[in-house]
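# Residue-level structural notes
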Amino acid sequence: QKGRVVIITGATSGLGKEAAKVLASKNATVIMAVRNTEKGESVVNEIGKSFPNATIDVRKLDLNSLKSVKTFADGILSAYNRLDILINNAGVMACPFSKTEDGFEIQMGVNHLSHFALTGHLMPLLKKTKASRIVATSSIAHRQGNINFDDINWKTRTYATGKAYGDSKVANLYFTYELARKLKGDNNAPTVTAAHPGWTSTDLQRHSLFFRILNPIFSQNVENGVLPTLRAAIDDNAQSGDYYGPAGFQEMKGAPVVVKSNERSHNEANAKRLWDMSEKMTGVQF
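Okay, so let's go over this structure.

Conventions we followed
Residues numbered from 1 in each chain as written. Predicted model: local features only at pLDDT ≥ 70, side-chain atom pairs only at ≥ 80, totals over all residues. Heavy atoms only, no water. Pairing = 2+ DSSP bridges. Helix = DSSP H or I, 4+ residues; strand = E, 2+ residues; numbered from the N terminus. Axes fitted to C-alpha atoms, helices over the stretch in contact; angles between N-to-C directions. Core = buried A, V, L, I, M, F, W, Y, C linked by side-chain atoms within 4.5 Å. Buried < 20%, exposed > 50% of the residue type's maximum accessible area, 1.4 Å probe, protein only. Contact = heavy atoms within 4.5 Å. Phe/Tyr/Trp six-rings, centres within 6.5 Å; stacked < 30°, edge-to-face > 60°. Lys NZ or Arg CZ within 6 Å of the ring centre and 35° of its normal. Expected span 1.5 Å × (residues − 1). Bend = angle between axes of the 7 residues up to and from the residue. Polar contact = N/O pair within 3.5 Å; in protein donor to acceptor, adjacent residues only side chain to side chain. Salt bridge = Lys/Arg side-chain N within 4 Å of Asp/Glu carboxyl O. Parallel < 35°, antiparallel > 145°, perpendicular 65-115°, else oblique. Nonpolar A, V, L, I, M, F, W, Y, C, P; charged D, E, K, R; others polar. Right-handed = clockwise from strand over helix to strand, strands pointing away.

What follows covers the sheet that holds strand β8 (residues 256–258). Across the sheet, eight strands lie side by side as β3-β2-β1-β4-β5-β6-β7-β8; this open sheet has mixed pairing. Lying at the two open borders of the sheet, with one neighbouring strand each, are β3 (55–60) and β8. Across the sheet, the mean angle separating the axes of adjacent strands is 20° when strand polarity is ignored. Across six bridges, the pairing between strand β2 (residues 29–34) and β3 is parallel. Residue V34 lies in a different strand from β3, and its bridge partner there is K60.

In structure tokens form, the structure reads like this:
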């Protein structure tokens, strides 16, 4: 990966941290886009013990705030003349109801809308870079997703955190498939892929007793869980719209392969509707 520049959001723990470690070990320049830069620097020190020549740039990105997303993107555009891979990895899961700084329901706001805005801001640099790539991180939970477009911020419904998470994860796939359609025929366009880690034990599940009990039985470790993301990011044969996940039973664990998302995630009318809403809500147009 020498000479390539990679951005990974949420790289201080779990899959993001593991992706940063692997790509830095392969001589990519890794930009860790993180909320807590102190924590980011300690990850750099940790990686540096195994890979002293690693090139890692820690930058602040708070996905709770569209202003922070814009500031981060502006910093990248002025400091770098290429961007080979953008891994939209950061996420929140099954947390209590709250809103982002811009008034979005937290899971849709962080997991989808802020990454939508970030990708839009960085698109000129991605297009300038030959054979660049965007990776969205979805989840098996996309199967529970069924976005209520009339109440995307849960103003009138009783909040169901698991359902809101599923909504945000099907949103990641709508985004991937719609962007792939929009960029079709553009020779400078990045390849747009998605991945999910199966059942991987990470900090993301800290709010859930269910996961704390069942993780020891069903989950795989982050070293294996990150493989679909890495394959989506660097496989030379990847096509726009490809979705990677584990090969095993119910896609819970196993080797990274191209998998199929559910029928609803391929609903083009929903994807277009979400795209239009996302442009209005974030003020970012591609």
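Once you've had a look at it, read on.
It is worth spelling out the nonpolar core at this point. Core analysis: the biggest nonpolar cluster contains 45 residues, and I7, F72, I76, L118, L122, I147 and L179 have the highest contact counts within it. Taken together, the elements giving at least two residues each to this core come down to β1 (5–9), β2, α3 (66–79), α4 (106–128), α5 (161–183) and α9 (268–282). Top element by residues in this core is α4. It accounts for eleven residues. Setting aside residues no more than four positions away along its own chain, I7 makes contact with I31, A33, F72, I76, L83, I85, L86, I87 and L122. Membership of the second largest hydrophobic core comes to 27 residues, among which are I8, L15, A20 and A24.

A separate point is the packing of aromatic side chains. Where two aromatic rings form a pair, the distance of their centres and the angle of their planes describe that pair. In total, this model carries eight aromatic pairs according to the counting rule given. Three or more aromatic residues joined by ring pairs form one cluster here, namely F116, F175, W275 and F286. Here the basic side chain of R157 rests over the ring of W154, its NZ or CZ set 3.6 Å away from the ring centre.

This paragraph deals with α4. Along its 23 residues, α4 runs 32 Å from first to last C-alpha, staying within 8% of the 33 Å computed at 1.5 Å per residue. Of all the bends in α4, the largest measures some 50° and sits at L122, one to four residues before the proline P124. The buried fraction of α4 is high, at 20 of 23 residues. The N-cap residue of α4 is E105: its side-chain oxygen and the backbone nitrogen of Q107 are 2.9 Å apart.

As a further point, take the pattern of salt bridges. Taken as a whole, this structure holds 14 salt bridges when the rule is applied. R231 is paired through a salt bridge with D235; the nearest N and O atoms lie 2.8 Å apart. A residue is classified by how much of its surface remains accessible, and D235, at 13% relative accessible area, is buried. Look at the salt bridges and you will find they share partners, linking E178, R181, K182, E268 and K272 into a network.

Okay, the packing of α5 against α9 next. A pair of packed helices is characterised by two quantities: the angle between their axes and the separation of those axes. Packing of α5 against α9 leaves a shortest axis separation of 9 Å and a crossing angle of 90°. Of the possible angle classes, the one that applies to α5 and α9 is roughly perpendicular. Here A171, Y174, F175, E178, L179, R181 and K182 of α5 come into contact with α9, specifically with E268, N270, A271, K272, L274 and W275. Looking at the contact of α5 with α9 residue by residue, the classes come out as seven nonpolar, one polar and five charged.

The next point concerns the pairing of strand β4 (residues 85–88). Residue alternation in β4 divides its side chains into two sets, I85 and I87 and L86 and N88, and both sets are buried. Of the strand pairs in this sheet, β4 and strand β5 (residues 133–137) are connected by four bridges, and their pairing is parallel. In the strand pairing of β5, N88 is matched with A136. With α4 bridging β4 and the parallel β5, this β-α-β connection has right-handed handedness.

By themselves, these are just geometric observations and shouldn't be taken as functional.
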